[in-house]
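Residue-level structural notes
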Amino acid sequence: MPMSLPGFVSPIDLMGKSRAFRPSKEIEKKRIGAEEVPLLSGPDAVVPITLAPFVHESLTTGKPYPLKALFVAGGNPIMTQQDTKSWWNALKNNLELLVVAEYFMTPTAELADIVLPAATWMERDDICDLDYTTCVGARQKAIEPM
């Protein structure tokens, strides 16, 4: 059975699996898509997300409420979602702040107010663990970040 050291917080816990790093259930009920897809977006979702079509709806219509800021990590909705032109217009014109964390300058990153350069697994020292394995792996970076 896997174990962890006292005080260790796994990445999956930081992404929402642990209630310690999530807002209250009352706030999570207000997440876009929580009513429509509660197992993905609701307060009882294991690792909650908001689906891209609901984000697009909010950006273009303001319903159920207008989004003011968006953080995109490892995604490129302009190129991966249907209706590229609509996504481009929505991200460019309907947000006060767009932050993108990405390896490359994608079309979505080009529109961002802030681009956070992400490092690949080859560019960083890391300790790898997964809740469903029985091992921990140490990785040494192979190259300096670009």
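The structure presented is a predicted model; accordingly, all values stated were derived computationally and were not measured.

1. As for the nonpolar core
In terms of nonpolar packing, the biggest core is built from 16 residues, with Leu59, Leu70, Leu91, Leu95 and Leu98 touching the most fellow members. Listing elements by their share of this core, those giving two or more residues are helix 4 (52-61), strand 1 (69-73), helix 6 (84-93), strand 2 (97-102) and helix 7 (107-111). With residues near it in sequence (within four places) discarded, leucine 59 still touches Leu67, Trp87, Ala90, Leu91, Asn94 and Leu95.

2. A word on the layout of surface pockets
A water-sized probe rolled over the atoms picks out the places where empty space is left. Considered as a void within the structure, the largest pocket measures approximately 1000 Å³ in volume. Considering the residues around the largest pocket, the lining is formed by 30 residues, among which Pro48, Ile49, Phe71, Val72 and Ala73 are closest to the centre. For the lining of the largest pocket, the secondary structure elements donating two or more residues are helix 1 (11-17), helix 4, strand 1, helix 5 (77-80) and strand 4 (126-129). Ranked by residue count, the leading element in the lining of the largest pocket is strand 1, at 5 residues. Taken together, the residues that form the lining of the largest pocket break down as 20 nonpolar, 5 polar and 5 charged.

3. Concerning the pattern of salt bridges
This structure, assessed with the given rule, holds 8 salt bridges. Among the salt bridges present, the one from lysine 25 reaches aspartate 44, with a minimum N-O distance of 2.8 Å. A residue pair is termed long-range when its members are at least 10 positions apart, and lysine 25 in helix 2 (residues 25-28) and aspartate 44 in the loop between helix 3 (38-41) and helix 4 qualify at 19 residues. By relative accessible area, which is 60% here, aspartate 44 ends up exposed. In this structure, the salt-bridge partner of glutamate 144 is lysine 141, at a minimum N-O distance of 3.2 Å. Owing to a relative accessible area of 34%, lysine 141 belongs among the partly exposed residues under this scheme. Bridged by salt links that share partners, the residues Arg19, Arg22, Glu28 and Arg31 form one connected network.

Rules used throughout
- Residues numbered from 1 in each chain as written.
- Predicted model: local features only at pLDDT ≥ 70, side-chain atom pairs only at ≥ 80, totals over all residues.
- Heavy atoms only, no water.
- Core = buried A, V, L, I, M, F, W, Y, C linked by side-chain atoms within 4.5 Å.
- Buried < 20%, exposed > 50% of the residue type's maximum accessible area, 1.4 Å probe, protein only.
- Helix = DSSP H or I, 4+ residues; strand = E, 2+ residues; numbered from the N terminus.
- Contact = heavy atoms within 4.5 Å.
- 1 Å grid on protein atoms, 1.4 Å probe; cavity = no way out; pocket = protein on both sides within 12 Å on 5 of 7 lines; lining within 4 Å.
- Points joined across faces, edges and corners; volume = space filled by probe spheres on them.
- Nonpolar A, V, L, I, M, F, W, Y, C, P; charged D, E, K, R; others polar.
- Salt bridge = Lys/Arg side-chain N within 4 Å of Asp/Glu carboxyl O.

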